[in-house]
Amino acid sequence: MKNIIEMKDLVKKFGPFTAVDKINISVKEGEIFGFLGPNGAGKTTTISMLTTLIKPTSGKALVAGHDIVTEGVDVRSVIGVVPQQFSLFQELTAEENLVYIGRLYGMSRPAIKERSDYLLKIMSLYDARNRIAGVFSGGMKQRLSLAAGIMSKPKILFMDEPTTGLDPQSRIAIRELTKKLNSEGMTIVYTTHDMDEAEKICDRITIMDKGKVVADGTSEELKHKIASHHEIEIEFEELSADILAALKKLPFVVSLSHQGDIINLTVKERKNVFFMLSSFLNKRNQKVVEIKFKEPSLEDVFIQLTKKDLRDG
Amino acid sequence: MKRSTARAEEKEVLLDFRKMGAIVRKNFIVMTRDPIRLIPLLVFPIIMILVFGYISGNTPKHISTAIVPYDNSELSQDIQQEISNSETFTVNHVVSTEDEARRLLDEGKVRVIVVIPANFEDNVKRGVQQGITVIVDESDSSVAATSKQGLMGIISKVSSKISIQKITSFQHSVGTATMKLQQDDRSHVNLYGPIAEKLAPAEVYMNSEKKMSDQEVKALLASSTSLHLYAPYHDTTLLDENNTWQATPIGYDAQEAQKGAAMQSSYLMGSAISEVHAATMVARQADSQAISAASYNNYKKNVAAPLQTINVFTQYDANSMLTPVVYEEKAAYGTGKRAIDFVIPSIIALTIFQGAVMGMGRSIAGEKKDGSLTRVFLTPTSNVTIIIGTLSFYTLFETIRATFLIIISIIFFNIKIEGSLLLIGLIILIYASISVALGMAISSMVKTEQQFMAMAMLISMPSMFLAGALFPLQAMPKFMQVLAQFLPVTYAGDALRGVMIKGFSIGYIIYPLAVLLLFLAIVLGIVFMVFKRDIE
């Protein structure tokens, strides 16, 4: 599959602050590309650049083959955006909003009517089409925002945290719609906080932190990347300081922490670890309640890479 | 997908009218969806008119004035001097016709015209009451009132000066005449003296106890006859209606004299004496009449001139004697213009400005803040289309609002529109564009509506007070008047007032219109410069 978005040493500085620092990311045509990172990582700035809202300080990016700086109009013609913030006209009805957006894309009136009816239906907003968008619930607003984003049948859809702040049902609805659109051939750039969500719908994921790409790949690849570090949880009946000190000295142990009678070990390799630990514990006659390997989640990957919790920012 | 690609291939359309139409339509919906927002927009100007329409400001000074002296006499110059000396007026034009002066008034170069009529001084001297015509630009109630008051004062001052002069001169004439008459009385006595002297012998005789000899009587008669010859009889009507001397002798002397002579021999001395006495009485009467005639000639010579003056005065109208010069007012434009008529255009200009500038806060800064402008930026719509589309809507809206205001003015304030509605529309359109563009420029430069409000205040506050709608500009310090020259509201007010109230055609408002267009060009230039798609 060819790359539909290509970024080359893309930089964005706001005064002395570097929001995006020389990133090189490609998005393949037809995929759902996940953009992960804590707040302030530079995701939204990157999306703003790709959607021509702001100009990069340096570097280059092509969206569907169009330069984001010199061919802004062409870029805008092939993309759709569901911004982080609800950005439609509160005073307009759902339908009027879609008609307005359609007009701004230069669509004909019959085409607008057809498209907006279709979108209002699939977004379950048809019955509410004559209601003012300002009074919509968060989920309705987001569905309307999505409808507006794909009004012009874009090749690429940028979705900036589309499910943030929504109830589980609305999240599921948005996710389902995203998958549906993708299955129809739309490339989707999806920004999210939700690791679970990213894991569920994204084909590939890029993790950003402090303006830099810290990792990318499929969710499995990412997990594998930190698979060199495995966590093992051991619950003792009674943990002694001697044992703790002895465990620390073990060659395969990278780090160790404990809480009460439970210790958490990070080890380099999974291979033979269980056996070695068993014999070590047996030798010292330690009674163990439970010993288990912890399967790394994307969240662990994230924390491992960014050294911070996702939602802390 | 096909469609959007197709659109993209059209490349950037600098000004997409269909998209512009969509922007206009969207703004219209937004505006009408929120009627609460409309209420203050429409009510505000009415309050402005009511509250400020009647506010009186400071006393204006140095009101530019044109004088039309159809008479160049000393008196006329005195009046001009008097006006020049006053602090209220600055005479910057002395023109030869009223039309010329009216043109200056139309162009706004002068606010007051003073017309001094032809033959002014002559007429004043002849006792014909003269009016000095004052034409005041009513556009500024305070300026108009001050001008009228000031000129009334000056004219009344001049008038009473002339009046005092006239009365003094009258008194002088009467005095002279009285004096002459008194002198004449004395000359009358003097004239009478010698005659009485001549008559003395007869008196002596008449009063003597002793009998006179014939010889003595004869001598007496001789002297008496000489008197007879000297004094012919005259009709008692000495003057005719034209005051010309009527010397019509009636019956005379010779017979009487001979009669007397004949008597001397044939009648008794006593009767002769009584005859002489009678003759003497007749002579005396005749003499006195003759003296009167002579003295009248003399009197006429001495008293006629002062009497003539008095006579002229008596023919004067008492009014012209008391107020030889009166203040007369002529309407500058049509009749019955009130202060409110002139305030309305400024209020409209001000309202358009305030409304447009303030409205743009929501339009760009607000939409920027809530992201809806971002949404527009995400579409392949050019800046020019967005700017012109937004401008179009608000310009249209402000034009409609101004129309509404004019209708309100007609209904509530009985305003009569004198000029072309089309021209009014044109001015409003240009002016609304400027105001909207200015608001848009500010809106584009700031990040939030709050910032916008602060910035907009900076511009709209001076406009409010320097527009001349609330306070007369001429009552303000010079630097403020200069500052006002940099505000579009000044020109829009002038142009609107010109057409609405003065009924000007386009030719008369070329200057403000040209300045407005210049403003529009500059402000639009600024908008295109500061309107950034970059939403950093």
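### Quick word on the overall build of chain A
Counting secondary structure elements, chain A contains eleven helices and 15 strands. Taken across its 313 residues, chain A has 53% of its residues classed as buried. Taking contacts inside chain A between residues at least 6 apart in sequence as the whole, the part at least 24 apart equals 67%. Counting every atom, chain A has about 13800 Å² of accessible surface; 49% of that belongs to carbon and sulfur.

### A word on the overall build of chain B
For chain B, the count of helices and strands is 19 helices and five strands. When each of the 536 residues of chain B is scored for burial, the buried share is 48%.

### Quick notes on the pattern of salt bridges
Counted according to the given criterion, the structure contains 19 salt bridges over all chains. Taking the shortest distance from any N to any O, the salt bridge between Glu367 of chain B and Lys26 of chain B comes out at 2.7 Å. Taken together, the residues span a long stretch of sequence, with Glu367 of chain B in helix 12 (residues 339-370) and Lys26 of chain B in helix 2 (residues 17-33) at a distance of 341 residues. Judged by relative accessible area, which is 7%, Glu367 of chain B ranks as buried. Measuring nitrogen to oxygen at the nearest pair gives 3.3 Å for the salt bridge that ties Arg497 of chain B to Asp494 of chain B. Taken together, the residues Arg497 of chain B and Asp494 of chain B, both in helix 18 (residues 488-500) and three residues apart, mark about one turn of the helix. The exposure class assigned to Asp494 of chain B is partly exposed, which follows from its relative accessible area of 40%. If you follow the salt bridges from partner to partner, you end up with Glu95, Lys113, Asp117 and Arg129 of chain A in one network.

### Details of the packing of helix 14 (residues 383-413) of chain B against helix 19 (residues 510-530) of chain B
Residue and element names in this part refer to chain B. In contact at an axis separation of 10 Å, helix 14 and helix 19 are set at 135° when each is read in the N-to-C sense. Relative to helix 19, the element helix 14 lies oblique. Like other packed secondary-structure pairs, helix 14 and helix 19 cross with a definite hand, here right-handed. Along its contact with helix 14, which presents Val384, Ile387, Ile388 and Leu391, the element helix 19 presents Leu524, Val527 and Phe528. Grouping the amino acids of the contact of helix 14 with helix 19 by side-chain chemistry returns seven nonpolar, no polar and no charged.

### Description of the sheet that holds strand 13 (residues 253-259) of chain A
In sheet architecture, strand pairing relies on hydrogen bonds along the backbone and comes in two forms, parallel and antiparallel. Residues and elements named next belong to chain A. The strand order across the open sheet formed by four strands is 13-14-12-15, and the pairing between neighbours is antiparallel. One side of each edge strand has no neighbouring strand; the edge strands of this open sheet are strand 13 and strand 15 (288-294). Ignoring which end each strand starts from, the neighbouring axes of this sheet average 15° apart. Bridge count for strand 12 (residues 230-236) against strand 15 is six bridges, and the pairing is antiparallel.

### So, the pairing of strand 12 of chain A
All names here are of chain A. The buried count for strand 12 comes to five of seven residues, which makes it a mostly enclosed element. With six bridges connecting them, strand 12 and strand 14 (residues 262-267) associate as antiparallel partners. Looking across to strand 14, one finds that Glu235 is bridged to Ile262.

### Topic: the environment of Lys287 of chain A
Residues and elements named next belong to chain A. Inspection of the secondary structure puts Lys287 in the loop between helix 10 (273-283) and strand 15. Along the primary structure Lys287 and Leu239 are separated by 48 residues, whereas in three dimensions their C-alpha atoms are 9.1 Å apart. When near neighbours in sequence (up to four residues on either side) are disregarded, Lys287 contacts Phe236 and Glu237.

### Quick notes on helix 3 (residues 94-104) of chain A
Counting buried positions along helix 3 of chain A gives ten out of eleven residues, so the element sits mostly inside the fold. Where helix 3 of chain A is concerned, the buried positions are Ala94, Glu95, Glu96, Asn97, Leu98, Tyr100, Ile101, Gly102, Arg103 and Leu104 of chain A. Taken together, the buried residues of helix 3 of chain A touch helix 4 (109-122) and helix 5 (138-149) of chain A together with helix 2 and helix 13 (372-377) of chain B. Looking one or two places after helix 3 of chain A, you find Gly106 of chain A, whose phi comes out positive at around 80°.

### Section: the interface of chain A and chain B
Taken together, the contact between chain A and chain B spans 38 residues of the former and 34 residues of the latter. Overall, the association of chain A and chain B removes approximately 3600 Å² of surface from exposure, summing both partners, and the carbon and sulfur fraction of that is 59%. When residues of chain A are sorted by the area they lose upon contact with chain B, Leu53, Glu91 and Leu104 of chain A head the list and together hold 19% of the total. Across the contact surface, chain A and chain B share zero salt bridges.

### Side note on a nonpolar patch on the surface
There is a patch of nonpolar side chains on the surface, built from Met445, Met455, Leu458, Leu518, Ile522 and Ile526 of chain B and spanning about 570 Å² of accessible area. Among the elements of the structure, helix 16 (449-466) and helix 19 of chain B are those that each provide at least two residues to the nonpolar patch.

### Regarding the packing of aromatic side chains
Scanning all chains against the criterion turns up nine aromatic pairs over all chains. Taken together, a centroid distance of 5.4 Å and an interplanar angle of 70° make the contact between Phe89 of chain A and Tyr100 of chain A edge-to-face. You can see Phe89 of chain A sitting in the loop between strand 7 (79-82) and helix 3 and its partner Tyr100 of chain A sitting in helix 3, a full eleven residues away along the chain. When the ring of Phe393 of chain B is compared with that of Phe397 of chain B, the centres are 6.1 Å apart and the planes differ by 20°; the resulting orientation is stacked. In this pair, Phe393 of chain B and Phe397 of chain B both sit in helix 14, four residues apart, roughly one turn of the helix. For the residue pair Phe393 of chain B and Phe397 of chain B, the accessibility class agrees, reading buried in each case. Grouped by ring-pair contacts, the aromatic residues Phe393, Tyr394 and Phe397 of chain B constitute a single cluster. If you follow Lys121 of chain A out to its NZ or CZ, it ends over the ring of Tyr126 of chain A, 4.9 Å from the centre. Over the ring of Tyr126 of chain A we find Arg129 of chain A, and its NZ or CZ is 4.0 Å from the ring centre.

### Describing the confidence of the model for chain B
All names here are of chain B. When the pLDDT values of chain B are averaged, the result is 73; 63% of them are 70 or greater. Per-element mean pLDDT across chain B ranges from 42 in helix 1 (residues 2-9) up to 92 in helix 19. Confidence over residues 224-273 falls short of pLDDT 50; this stretch has 53 contacts with residues more than four positions distant or in other chains. Note on the complex model: pTM 0.62, ipTM 0.78.

What counts as what
- Residues numbered from 1 in each chain as written.
- Chains lettered and ligands numbered in written order.
- Predicted model: local features only at pLDDT ≥ 70, side-chain atom pairs only at ≥ 80, totals over all residues.
- Heavy atoms only, no water.
- Helix = DSSP H or I, 4+ residues; strand = E, 2+ residues; numbered from the N terminus.
- Buried < 20%, exposed > 50% of the residue type's maximum accessible area, 1.4 Å probe, protein only.
- Contact = heavy atoms within 4.5 Å.
- Areas by Shrake-Rupley, 256 points an atom, 1.4 Å probe, with all protein chains shown as cover.
- Salt bridge = Lys/Arg side-chain N within 4 Å of Asp/Glu carboxyl O.
- Axes fitted to C-alpha atoms, helices over the stretch in contact; angles between N-to-C directions.
- Parallel < 35°, antiparallel > 145°, perpendicular 65-115°, else oblique.
- Left-handed = near helix turned anticlockwise from the far one by under 90°.
- Nonpolar A, V, L, I, M, F, W, Y, C, P; charged D, E, K, R; others polar.
- Pairing = 2+ DSSP bridges.
- Buried area = accessible area lost by both parts, 1.4 Å probe.
- Patch = residues over 30% accessible without salt bridge, like charges linked within 9 Å, V, L, I, M, F, W, Y side chains within 5 Å.
- Phe/Tyr/Trp six-rings, centres within 6.5 Å; stacked < 30°, edge-to-face > 60°.
- Lys NZ or Arg CZ within 6 Å of the ring centre and 35° of its normal.
- pLDDT = per-residue confidence, 0-100.

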